[in-house]
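Spelled out from the first residue to the last, the chains are:
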Amino acid sequence: DFWTVRGGWLICLESENGGPELPDGEGSLETTMGATHISEGALFQVMAKTDIEITSLDVHLYNAGTHNVEVLTTVSDFSSFTSILNLDVNGIGYQRPVSLPDFASPITVPAGTSRYFWVRSSLGQTLVTEGNNVGDMYVQNNELAIYEGYVVTGGRAEGTYVFNTVVHYTY
């Protein structure tokens, strides 16, 4: 018999003919919606514990109304970002996250590696929570961990903050 861990469960696969394929799982992980600050944007890190594909994010925007939201990503430490989503969304206010549509191509994050994200709003109203130390793990589950990052003010990364988000993924 062949044993593997998937989503925190120990699974036995029959050894006959190589065993069946494991079905893909879906998951999500929320940081917080207890915002303490408003910013132009936020930078944060996601580290995969198992192979995952990030499919979308929820964002926390301060005011109701139309916001142009852009999501950028990179494999390096908060540099050389590539835009993966740029669209107008309707904010619905404090403690009410907005679900963004799925990315055109899921963001693959192999186990043991990180991906960095920059989310910004044209109205400068992304919500964040004050953190303790950039790079500290804020929340985790069996598949991934989300780390404290920065806010963006005047085009500069500063401070230590937790982006108020939900990361949606498959594994």
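Notes on the structure in this doc start here. Predicted, not measured: the structure shown is a model, and the values here were computed from it. (Residues numbered from 1 in each chain as written. Predicted model: local features only at pLDDT ≥ 70, side-chain atom pairs only at ≥ 80, totals over all residues. Heavy atoms only, no water.)

## Some details on the overall build of the protein
Then step 1. For the protein, the count of helices and strands is zero helices and 16 strands.
Then step 2. Put simply, the protein has 171 residues, and 45% of those count as buried.
Then step 3. Counting only contacts in the protein whose residues sit at least 6 apart along the sequence, the fraction spanning at least 24 positions is 76%.
Then step 4. Accessible surface, the protein as shown: approximately 8500 Å² in total, 45% of it carbon and sulfur. (Helix = DSSP H or I, 4+ residues; strand = E, 2+ residues; numbered from the N terminus. Buried < 20%, exposed > 50% of the residue type's maximum accessible area, 1.4 Å probe, protein only. Contact = heavy atoms within 4.5 Å. Areas by Shrake-Rupley, 256 points an atom, 1.4 Å probe, with all protein chains shown as cover.)

## What to know about the nonpolar core
Then step 1. If you look at the biggest cluster of nonpolar residues, it comprises 31 residues, and the most contacted ones within it are Phe44 and Ile54.
Then step 2. Those residues in contact with Phe44 that lie beyond four places of it in its chain are Leu57, Phe78, Arg115, Tyr116, Phe117, Val119, Ile146, Tyr147, Phe163, Thr165 and Val167.
Then step 3. Of all hydrophobic cores here, the second largest spans six residues; its members include Phe78, Tyr116, Trp118 and Val152. (Core = buried A, V, L, I, M, F, W, Y, C linked by side-chain atoms within 4.5 Å.)

## Quick word on the pairing of strand E7 (residues 65-74)
Then step 1. Among the ten residues that make up E7, seven are buried, leaving the element largely enclosed by the rest of the structure.
Then step 2. Pairing analysis gives nine bridges linking E7 to strand E8 (residues 82-91), with the strands arranged antiparallel. When the sheet's bridge partners are listed, Glu70 is paired in E8 with Asn86. (Pairing = 2+ DSSP bridges.)

## Concerning a nonpolar patch on the surface
Then step 1. On the surface, Ile38, Tyr62 and Tyr94 cluster together to form a nonpolar patch covering roughly 290 Å² of accessible area.
Then step 2. By relative accessible area, Tyr62 is classed as partly exposed at 37%. (Patch = residues over 30% accessible without salt bridge, like charges linked within 9 Å, V, L, I, M, F, W, Y side chains within 5 Å. Salt bridge = Lys/Arg side-chain N within 4 Å of Asp/Glu carboxyl O.)

## Here's the deal with the packing of aromatic side chains
Then step 1. On inspection of all chains with the given rule, the structure shows six aromatic pairs.
Then step 2. Seen in terms of ring centroids, Phe78 and Tyr116 are 4.9 Å apart; in terms of plane orientation they differ by 65 degrees. Their pairing is edge-to-face. Here Tyr116 lies in strand E11 (residues 114-121) and Phe78 lies in the loop between E7 and E8, a separation of 38 residues in the sequence.
Then step 3. Taking relative accessible area as the criterion, Tyr116 reaches 11% and is therefore assigned buried.
Then step 4. Pairing Tyr169 with Tyr171 gives two aromatic rings, centres 6.1 Å apart and planes at 40 degrees, and the pair type is tilted. Each member of the pair Tyr169 and Tyr171 is classed as buried.
Then step 5. Chaining the aromatic ring pairs together yields one cluster made of Phe44, Phe117 and Phe163.
Then step 6. Looking at Arg120, its charged tip hangs above the ring of Trp118, at a distance of 4.4 Å from the centre. (Phe/Tyr/Trp six-rings, centres within 6.5 Å; stacked < 30°, edge-to-face > 60°. Lys NZ or Arg CZ within 6 Å of the ring centre and 35° of its normal.)

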